[in-house]
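# Secondary and tertiary structure notes
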Amino acid sequence: MHEITKEDIESLNDTDLRTLIGRLCEADLYALGDSTRHVSYGGKQDEKDGGIDVKVDATKIVENNGFILKNNTIFQVKKPSMTPSKIKSEMKNKDGSLKECILNLSKCNGAYIIVSSG
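Let me sum up the structure you'll find in this document. Once a new chain begins, its residue numbering starts again from 1 and follows that chain's sequence as written. Two thresholds apply to this predicted model, a pLDDT of at least 70 for residue-level local features and 80 or more for giving and counting side-chain atom pairs, whereas whole-chain, interface and lining totals are computed over all residues. Only hydrogens and water are set aside; all other atoms, that is, all heavy atoms of the structure, feed into the side-chain values.

Next up on the list: the environment of I68. Secondary structure elements are defined from DSSP: runs of H or I of at least 4 residues count as helices, runs of E of at least 2 residues count as strands, and each element is numbered from the N terminus. Looking at the element boundaries, I68 is found in the loop between β2 (54-57) and β3 (72-78). Taking relative accessible area as the criterion, I68 reaches 1% and is therefore assigned buried. Sequence separation between I68 and L29 is 39 residues; the distance between their C-alpha atoms is 8.4 Å. The buried label applies to any residue whose accessible area, calculated with a 1.4 Å probe on protein chains only, is under 20% of its type's maximum; exposed applies above 50%, and partly exposed to all values in between.

Below, the structure written as structure tokens:
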């Protein structure tokens, strides 16, 4: 088995990092007996996506069972290091309001996770 190092993760570009997160989500759902079709990711990495790079809408209870924290989880994938101020601005619209995807998650007890390889 190949051991993945910190350097391996840091060397991934944005697209490959998003793909890795998507595949980890698929693996978690598969291990729980849920379909991997509940994970969506892909497309142009720099496209305006409203804060969504990987989305999970699982049917099984996944809370505290692995990589996915809640049945409804959104992952925002970033290559650069994310300071607290960058995280706050990433979660808000230009007018200072929370992004719609985060508001929707709050209504369904979901989770918003920023993954940074920096």
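Another point: the pattern of salt bridges. Two side chains that carry opposite charge are able to pair once their charged atoms sit near each other. Note on definitions: salt bridges are taken to be side-chain nitrogens of Lys or Arg within 4 Å of carboxyl oxygens of Asp or Glu. Considering all chains together, one arrives at four salt bridges under this definition. Between K6 and E10 there is a salt bridge, and its shortest N-O distance comes to 4.0 Å. Placement of both K6 and E10 in helix α1 (residues 6-10) is noted, with a separation of four residues, approximately one turn of the helix. For K6, a relative accessible area of 59% translates into the label exposed.

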